Amino acid sequence: MLDALRNHWPEYLMEAAGLGIFMISAGLFGVILFHPASAVVQALPDPLPRRILMGLAMGLTAIGIIYSPWGRQSGAHLNPAVTLTFTTLGKVAPWDAIFYILAQFVGGTTGVYAVLALLGERFAEPPVSYVATMPGGYGPWVAFTAEVIITFILMTVVLTTSNIRKTSRYTGLFAGCLVATYITIVAPISGMSMNPARSFASAFPGGLWDNLWIYFTAPPLGMLAAAGFYRGILKGHDIYCAKLNHHTSRRCIFLGCRFGDLLKGK
């Protein structure tokens, strides 16, 4: 444990900062696009165009974090379900996984509190409600199913594209496009979380604990199922590393990293 902290603390802080930045972006755009007093809401009363704009904003935020210097070094998991999946695949050491997940929870929650300090009640009151993820009108079980499906697709895409030489540099773009699409289409059904730390970060300041179980269980289930599908059904390529973007000279702390072999076509 101490060796992991001593040697890999920069990556832990980068993961915390990454999800913190993502939540700050979500909070700011959530208020701009959905608070009743916003000029955007007055100009665009139909929620669909505003969800499209929100999707674009968050997809671009995710892409920016993944391709940033910090994202290139930490791997830009930003999500306990992603870290857990790569851990089960043997690419993340157990103590690194524990500290990554802790950092993601702390960083995401800190980001939410930063927006709360800046925007106050505009961020806290409905319908923004700390940009909390909540089931839509179809109920919690439909939301649970939707979260399983979208996380399954996301992780399948990540594993497939990141382990093929010609597509590996574009994995972050694919992931960002899926985030944008999911927010546009799936947000009214499940709230579009895919991320236990992201949902906890929004739930914590307002005590919005109802149905939080969905976002703690569905994303890991969907991503772990995708890992099994990739290896067992697709008979996919070797898993070379746990980074979403490895086209960088920055160090890699993950187990058995073989990204150099991927670039050489081995």
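Summarised in this report is the structure supplied together with it. Owing to the predicted nature of the structure, the values given are computational and were not obtained by experimental measurement.

Criteria and thresholds
Residues numbered from 1 in each chain as written. Predicted model: local features only at pLDDT ≥ 70, side-chain atom pairs only at ≥ 80, totals over all residues. Heavy atoms only, no water. Patch = residues over 30% accessible without salt bridge, like charges linked within 9 Å, V, L, I, M, F, W, Y side chains within 5 Å. Areas by Shrake-Rupley, 256 points an atom, 1.4 Å probe, with all protein chains shown as cover. Salt bridge = Lys/Arg side-chain N within 4 Å of Asp/Glu carboxyl O. Helix = DSSP H or I, 4+ residues; strand = E, 2+ residues; numbered from the N terminus. Expected span 1.5 Å × (residues − 1). Polar contact = N/O pair within 3.5 Å; in protein donor to acceptor, adjacent residues only side chain to side chain. Buried < 20%, exposed > 50% of the residue type's maximum accessible area, 1.4 Å probe, protein only.

Right, let's get into a nonpolar patch on the surface. A surface patch of nonpolar side chains, about 560 Å² in accessible area, is lined by Met1, Leu2, Leu5, Trp95, Ile98 and Leu102. For the nonpolar patch, the element with the highest residue contribution is helix α6 (residues 94-119), accounting for three residues. Within the element layout of this structure, Trp95 appears in helix α6.

Before going further, it helps to spend a moment on unusual backbone geometry. Trans is the prevailing form of peptide bonds, just as negative phi is the prevailing case for residues other than glycine. A cis amide bond links Pro126 to the next residue, Pro127, at an omega of 5°. In this fold, Pro127 is placed in the loop between α7 (121-124) and α8 (140-162). For Ala76, which is not a glycine, the phi torsion comes out positive at approximately 55°. Position of Ala76 among the secondary structure elements: in the loop between α4 (69-74) and α5 (80-88).

Since the α-helix packs 3.6 residues into each turn, any two residues three or four apart lie on the same face. Here helix α3 (residues 47-66) contains 20 residues, and its C-alpha end-to-end distance of 28 Å stays within 8% of the 28 Å for a straight helix at 1.5 Å per residue. Sitting at the amino-terminal end of α3 is Asp46, which places a side-chain oxygen 3.0 Å from the backbone nitrogen of Leu48.

The next thing to look at is the pattern of salt bridges. The full count for this structure, using the stated rule, is three salt bridges. Among the salt bridges present, the one from Arg6 reaches Asp3, with a minimum N-O distance of 2.7 Å. One end of the pair, Arg6, and the other, Asp3, are both in helix α1 (residues 2-34), three residues apart, so they sit about a helical turn from each other. For Arg6, a relative accessible area of 51% corresponds to the exposed category. A salt bridge links Arg251 to Glu11; the nearest nitrogen and oxygen atoms lie 2.7 Å apart. One end of the pair, Arg251, is in the loop between α12 (212-232) and α13 (259-264); the other, Glu11, is in helix α1, and 240 residues separate them in sequence. The class for Arg251 is partly exposed, based on a relative accessible area of 38%. You can call Glu11 buried: its relative accessible area is 0%.

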